[in-house]
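Summary of structural features
One letter stands for each residue in the lines below.
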Amino acid sequence: MSAAAETEHLTTGWEPDVDSGDTVVLAAVRNMANRVERHGEAMGFRVCGWDDFIACDTAMTNPFCNFCVLTAPPPDWDDTVHRIRTFYAASGGMPYVVWSPFPTPDMASRGLRLCGHPPFMYRAAGGEGP
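How each quantity is defined
Residues numbered from 1 in each chain as written. Predicted model: local features only at pLDDT ≥ 70, side-chain atom pairs only at ≥ 80, totals over all residues. Heavy atoms only, no water. Helix = DSSP H or I, 4+ residues; strand = E, 2+ residues; numbered from the N terminus. Buried < 20%, exposed > 50% of the residue type's maximum accessible area, 1.4 Å probe, protein only. Contact = heavy atoms within 4.5 Å. Pairing = 2+ DSSP bridges. Axes fitted to C-alpha atoms, helices over the stretch in contact; angles between N-to-C directions. Polar contact = N/O pair within 3.5 Å; in protein donor to acceptor, adjacent residues only side chain to side chain. pLDDT = per-residue confidence, 0-100. Core = buried A, V, L, I, M, F, W, Y, C linked by side-chain atoms within 4.5 Å. 1 Å grid on protein atoms, 1.4 Å probe; cavity = no way out; pocket = protein on both sides within 12 Å on 5 of 7 lines; lining within 4 Å. Points joined across faces, edges and corners; volume = space filled by probe spheres on them. Nonpolar A, V, L, I, M, F, W, Y, C, P; charged D, E, K, R; others polar.

Description of the overall build of the chain
When you go through the chain residue by residue, the secondary structure sums to three helices and four strands. In sequence order, the secondary structure elements of the chain are arranged as α-α-β-β-β-α-β. In the chain, which comprises 130 residues, the share counted as buried stands at 28%. Nonlocal contacts in the chain, meaning residues at least 24 apart in sequence, comprise 51% of its contacts between residues at least 6 apart.

Focus: the sheet that holds strand E1 (residues 46-49)
The sheet built from four strands is open, its strands ordered E1-E2-E3-E4 with mixed pairing. Each edge of the sheet is formed by a strand with only one pairing partner; in this case those strands are E1 and strand E4 (97-99). Here the average twist between neighbouring strands, direction ignored, is 10 degrees. Relative to E4, strand E3 (residues 67-70) runs parallel, the two sharing three bridges.

Thoughts on the side chain of Arg110
Locating Arg110 in the fold gives a position in the segment after E4. If we skip the residues at most four places from it in the chain, Arg110 touches Trp77, Asp78, Val81, Arg85 and Pro105.

Notes on the environment of Ala90
Among the secondary structure elements, Ala90 is positioned in the loop between helix H3 (77-89) and E4. Residues Ala90 and Arg46 lie 44 residues apart in sequence; the distance between their C-alpha atoms is 9.9 Å.

Details of the side chain of Thr58
Along the chain, Thr58 turns up in the loop between strand E2 (53-57) and E3. Since its relative accessible area comes to 11%, Thr58 is described here as buried. Here the side chain of Thr58 touches Asn66 through a polar contact of 2.7 Å, side chain to side chain. Ignoring any residue separated from it by four or fewer positions in sequence, one finds Thr58 in contact with Phe45, Cys65 and Asn66.

Notes on the confidence of the model for the chain
Summarising the model, the chain shows a mean pLDDT of 86, and 89% of its residues fall at 70 or more. Here helix H1 (residues 3-7) is the element of the chain with the lowest mean pLDDT, 64, and E2 is the one with the highest, 96.

Considerations on the nonpolar core
Core analysis: the biggest nonpolar cluster contains 25 residues, and Phe53 and Val69 have the highest contact counts within it. Listed by contribution, the elements that provide at least two residues to this core are helix H2 (24-42), E2, E3, H3 and E4. Beyond its immediate chain neighbours, meaning those up to four positions away, Val69 contacts Val29, Met32, Ala33, Val36, Asp52, Phe53, Ile54 and Trp99.

Examining the layout of surface pockets
Taken as a whole, the second largest pocket encloses approximately 260 Å³ of empty space. Along the walls of the second largest pocket sit Trp14, Pro16, Leu26, Arg30, Ala33, Asn34, Glu37, Trp50, Asp51, Ile54, Thr71 and Ala72, which together make up its complete lining. Among the residues forming the lining of the second largest pocket, the class breakdown is seven nonpolar, two polar and three charged.

Here's what the structure looks like:
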């Protein structure tokens, strides 16, 4: 084995310095996280950003208004869920949605439940409108 092969670092594809155009899934995740962050900030809501998620807390009772996007595979699911729960608990513990593009373990023991799988939608640019 060469010295270069021994020191080669392979990325997971989710590191912050990976170009968003690397994969369509990475671009979609970053765009969704950016939307959650920017909309929350523009409307004056609480926003929290960590290395592995972005969350916005509107303190509204609709869970889809309180949205969290996982932006990297959590190194420790228990720690990530704890930080998310702590963030939302600060405003009274309104319901929230955690969106994950990553395979997740059973979340029942962590007080979360699966609410469905979002569709992956892709529309090519151009063409005539309906």
